[in-house]
Amino acid sequence: MSEKSLKTESGLSLYHPWVSFTYFVAVIAGTLLFIHPVFAAVSLCCAIFSAALINGRKSLFMTLGFGVPMFFFIALANPLFNHRGMTVLFYLFDNPVTLEAMIYGIVSAGMMFAAVVWFTSYNTVVTSDKFIYIFGRFLPSVALIVSMTLSLIPRLMAQIKVIADSQRSIGLDWKSGSIGQRIRSGARILSILVSWALEDAVITADSMRARGYGQHKRSTFSIFRFGKKDAKMLVLILVLFAMEIFAYISGRGTMEFYPAMFFRKIDLIDIIIYFSYITLGVLPAVIQIKEDLKWKQLK
Amino acid sequence: MATGAKSYGLISMVMVILAMVPFLMLYEMKKPQAREWIPLAVMAAIAAVGRAAFAFVPHFKPTSAIIVITAMVFGPEAGFLTGAIAALASNLFFGQGPWTPWQMFAWGLIGFLAGLLSKAGLLKKKWQLIVFGICCGYIYGWILNIWSGAGFVYGLSWESYISLCITSLLPDGIHSAATVIFLLLLSDSWGAKLRRVKDKFGILAS
């Protein structure tokens, strides 16, 4: 398996946008909902595993490079800001640092870290066209502006390069000089960009009107088909999502941290909940691995 | 009901998303013309690009200033839309995270306030612009701190929230300084450019 082949459309990406979007809503909601060491650990492990498969190892290392310091920052910040809990470990500047706050910090740092890692997979799977497809159902006009803005960004970036180059040729390089000069040059480049872009925008608007924009109800182009495979997967995700909500409402997904940590005895229902949560977490990896095996067999 | 530690992270995230719905619905119900919204898309895109272009100085971004200038010309609703879309689009481009709805709301609110103040004639003088520019950095920072606080500090007490705001004083201050500098550098010339487009093509003349 080469790293590159995994980055193309595969696994969860091949499902309908509603399926992949619902998946990430379910998994990220679960990650942020359960302030519990077991759930946080499961989510974090699954997030890292999925990100390795979906984004490749290289991008995972980049995420970890930014996520691990964040993890330590949050884990350490909590006992410093929060002085609740019974077990005082030591005093720092006359404030008690407690074991409970420390554990709480580690758990919530794990949750945040897991959410960030899940989002990196989300960014690969739910591409902006899929997001706009979903969002456009509810807010078509807003979705249209967003897609217009998105298409403008690369064009503006290209234009910035052109403007910056010509500015440099007349001795106004934004990459050299003091910070003040650089900011001034940067602002000038943006100003030139605005004049160019606004003129361009009005022409676009008139051209759209000439072609009948606003005359009829807008239809949107999409290449997504909702098939049987999608329906099955969506039902599975919704069932697992419902399990999450049940776990939260019944109080099995959270635990008491303050004043002292309290672990309930684990019963059969807890095991079922853990099992369904793990199933949800490993879903993208299972889909991906199943596909790879099938591909190898067919080869 | 649930016992134990409550997840304020998810609750607050749902609430901030719901808070944006009325603004977006308002715009949706207006059935806007292409001429009305395309300049907003352009300004949102420039705000997003500006965020990337000035990444060489941490927390120093022209985005807020660009949103304020747009809102001053096109009004509060257009200001909210430009701010929210600038945040959403730049994150769609550079990567989403749990902070996306917060940034959308924060920048949307800055645009909305700028539009309201400008309508009331309170952003005409230089000193008013400077005061509002300073406020922008803190409005943005303090809204994003709600997320940081709700995300990891149990109970989201006032005490922990205020200590978070104290730790973020410097980055928010840099953001404020950037907003003031860009407002002073750009507001006259960009305001004129935008007003010209507005007058010449009759944009949002309702």
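The structure presented is a predicted model; accordingly, all values stated were derived computationally and were not measured.

## A look at the overall build of chain A
Okay, step 1: In terms of regular secondary structure, chain A is built from 10 helices and 2 strands.
Okay, step 2: Secondary structure elements of chain A, listed N to C terminal, follow the sequence α-α-α-α-β-β-α-α-α-α-α-α.
Okay, step 3: Here the C-alpha radius of gyration of chain A, 25 Å, is well above what a compact globule of 299 residues would show, namely 19 Å.
Okay, step 4: Seen through its C-alpha atoms, chain A measures out along the principal axes to roughly 70 × 60 × 45 Å.
Okay, step 5: Put simply, chain A has 299 residues, and 39% of those count as buried.
Okay, step 6: Across chain A, the fraction of contacts at a sequence separation of at least 24, relative to all contacts at a separation of at least 6, is 74%.

## As for the overall build of chain B
Okay, step 1: When you go through chain B residue by residue, the secondary structure sums to 8 helices and 0 strands.
Okay, step 2: Helices (α) and strands (β) of chain B occur, in sequence order from the N terminus, as α-α-α-α-α-α-α-α.
Okay, step 3: Taken against the 2.2 N^0.38 rule, which gives 17 Å for 206 residues, the C-alpha radius of gyration of chain B at 17 Å falls within 12% of a compact globule.
Okay, step 4: Reported as C-alpha extents along the three principal axes, the dimensions of chain B are approximately 60 × 35 × 35 Å.
Okay, step 5: For chain B, with 206 residues in total, the buried portion stands at 53%.
Okay, step 6: In chain B, of all internal contacts separated by at least 6 residues, the share reaching a separation of at least 24 is 73%.

## Observations regarding the pairing of strand β1 (residues 88-92) of chain A
All names here are of chain A.
Okay, step 1: Burial within β1 is sparse, with just 0 of its 5 residues counted as buried.
Okay, step 2: In terms of strand pairing, β1 meets strand β2 (residues 95-98) through 4 bridges, oriented antiparallel. Looking across to β2, one finds that Phe90 is bridged to Val97.
Okay, step 3: Hairpin geometry of β1 and β2 is characterised by an intervening segment of 2 residues between the two adjacent antiparallel strands and by a positive phi of about 50° at Phe93.

## Thoughts on the interface of chain A and chain B
Okay, step 1: The interface of chain A with chain B comprises 58 residues on the first partner and 54 residues on the second.
Okay, step 2: Secondary-structure elements contributing two or more residues to the side of chain A that touches chain B are α2 (17-33), α4 (57-81), α5 (99-125), α6 (128-135), α7 (140-169), α8 (179-210) and α9 (228-249) of chain A.
Okay, step 3: Counting residues per element, the side of chain A that touches chain B draws most heavily on α8(A), at 17 residues.

## Comments concerning the nonpolar core
Okay, step 1: Counting 149 residues, the largest nonpolar core has Ala45(B), Ile46(B), Ala89(B) and Ile110(B) as the members making the most contacts within it.
Okay, step 2: The greatest single-element share of this core, amounting to 15 residues, is contributed by α5(A).
Okay, step 3: Formed jointly, this core draws a minimum of three residues from each of two domains, domain 1 (3-132 + 226-298) and domain 2 (139-210) of chain A.
Okay, step 4: Ignoring sequence-local partners within four residues, the contact set of Ile110(B) consists of Ser64(B), Ile67(B), Val68(B), Gly83(B), Cys136(B), Ile139(B) and Tyr140(B).

## Quick look at the packing of α7(A) against helix α4 (residues 76-94) of chain B
Okay, step 1: Relative orientation of the contacting elements α7(A) and α4(B) amounts to 55°, with a least axis distance of 10 Å. Considering the angle they form, α7(A) stands oblique to α4(B). Pair α7(A) / α4(B) crosses with right-handed handedness. From α7(A), Ile145(A), Val146(A), Thr149(A), Leu150(A) and Ile153(A) reach across to α4(B), where they touch Ile85(B), Leu88(B), Ala89(B), Leu92(B) and Phe93(B).
Okay, step 2: When grouped by side-chain class, the residues that make up the contact of α7(A) with α4(B) number 9 nonpolar, 1 polar and no charged.

## Focus: α4(B)
Residue and element names in this part refer to chain B.
Okay, step 1: Across its 19 residues, α4 extends 27 Å between first and last C-alpha, which sits within 8% of the 27 Å expected from 1.5 Å per residue.
Okay, step 2: For α4, the buried fraction is high: 15 of the 19 residues fall into the buried class.
Okay, step 3: With its phi angle positive at about 115°, Gly95 sits one or two positions after the end of α4.

## Topic: the domain arrangement of chain A
Okay, step 1: Domain boundaries assigned for chain A yield domain 1 (3-132 + 226-298) and domain 2 (139-210).
Okay, step 2: The C-alpha centroid of domain 2 of chain A is placed 38 Å from the C-alpha centroid of domain 1 of chain A.

## Brief notes about the environment of Gly133(B)
Residues and elements named next belong to chain B.
Okay, step 1: Looking at where Gly133 falls in the secondary structure, it is placed in helix α6 (residues 126-152).
Okay, step 2: On the neighbour-count criterion, Gly133 (25 C-beta atoms within 10 Å) is buried.
Okay, step 3: Look past the residues within four positions of Gly133 in its chain and what remains in contact with it is Ala65, Ser176, Thr179, Val180 and Leu183.

## Observations regarding the packing of helix α3 (residues 63-74) of chain B against α4(B)
Residues and elements named next belong to chain B.
Okay, step 1: Relative orientation of the contacting elements α3 and α4 amounts to 155°, with a least axis distance of 7 Å. Between α3 and α4, the interaxial angle falls into the category roughly antiparallel. Seen along the crossing, α3 lies across α4 with a hand that is right-handed. Residues Thr63, Ile67, Thr70, Ala71 and Phe74 of α3 lie in contact with α4, whose contacting residues are Pro76, Ala78, Gly79, Thr82, Gly83 and Ala86.

## Observations regarding the confidence of the model for chain A
Residue and element names in this part refer to chain A.
Okay, step 1: Confidence in the prediction of chain A, expressed as mean pLDDT, is 85, and 96% of residues score 70 or more.
Okay, step 2: Within chain A, helix α1 (residues 3-7) has the poorest average pLDDT of any element, 43, and α2 the best, 93.
Okay, step 3: Low pLDDT, under 50, characterises residues 1-7; the stretch is placed with 8 contacts to residues that sit more than four places away or in other chains.

## Describing the environment of Ile139(B)
Okay, step 1: Along the polypeptide, Ile139(B) turns up in helix α6.
Okay, step 2: Classification of Ile139(B) by C-beta neighbours within 10 Å gives buried; the count is 20.

Parameters at a glance
- By convention here, each chain's residues receive numbers from 1 onward along its written sequence.
- As a convention, the first chain written is A and the first ligand written is 1, with the rest following in written order.
- Totals for whole chains, interfaces and linings use all residues, but because this is a predicted model, local features are given only for residues with pLDDT of at least 70 and pairs of side-chain atoms are given and counted only at 80 or more.
- Secondary structure elements follow DSSP: runs of H or I no shorter than four residues count as helices, runs of E no shorter than two count as strands, and numbering proceeds from the N terminus.
- C-alpha atoms define the radius of gyration in this analysis, and the globule rule sets the expected value at 2.2 Å times the number of residues to the power 0.38.
- Each residue is classified by how many other C-beta atoms fall within 10 Å of its C-beta atom, where C-beta atoms are placed from the backbone; a count of 20 or more means buried, 12 or fewer means exposed, and values in between mean partly exposed.
- Residues are scored as being in contact if the C-beta atoms we place from backbone atoms lie within 7 Å.
- One bridge is not enough; two strands pair if DSSP finds at least two bridges between them.
- Each nonpolar core comprises buried Ala, Val, Leu, Ile, Met, Phe, Trp, Tyr and Cys residues, the members being joined through C-beta atoms within 7 Å.
- Delimitation of the domains relies on an automatic or database domain assignment.
- Orientation is described by lines fitted to C-alpha atoms, with helices fitted over the stretch in contact, and by angles between N-to-C directions that extend from 0 to 180 degrees.
- Every angle not falling under 35 degrees, over 145, or within 65 to 115 is termed oblique; those three ranges are roughly parallel, roughly antiparallel and roughly perpendicular.
- A crossing counts as left-handed when the near helix is turned anticlockwise from the far one by less than a right angle, and as right-handed when that turn is clockwise.
- Note on residue classes: Ala, Val, Leu, Ile, Met, Phe, Trp, Tyr, Cys and Pro are nonpolar, Asp, Glu, Lys and Arg are charged, and everything else, Gly too, is polar.
- Residue count minus one, scaled by 1.5 Å, sets the expected span of a helix.
- Confidence scores per residue from the predictor, reported as pLDDT, run from 0 to 100.

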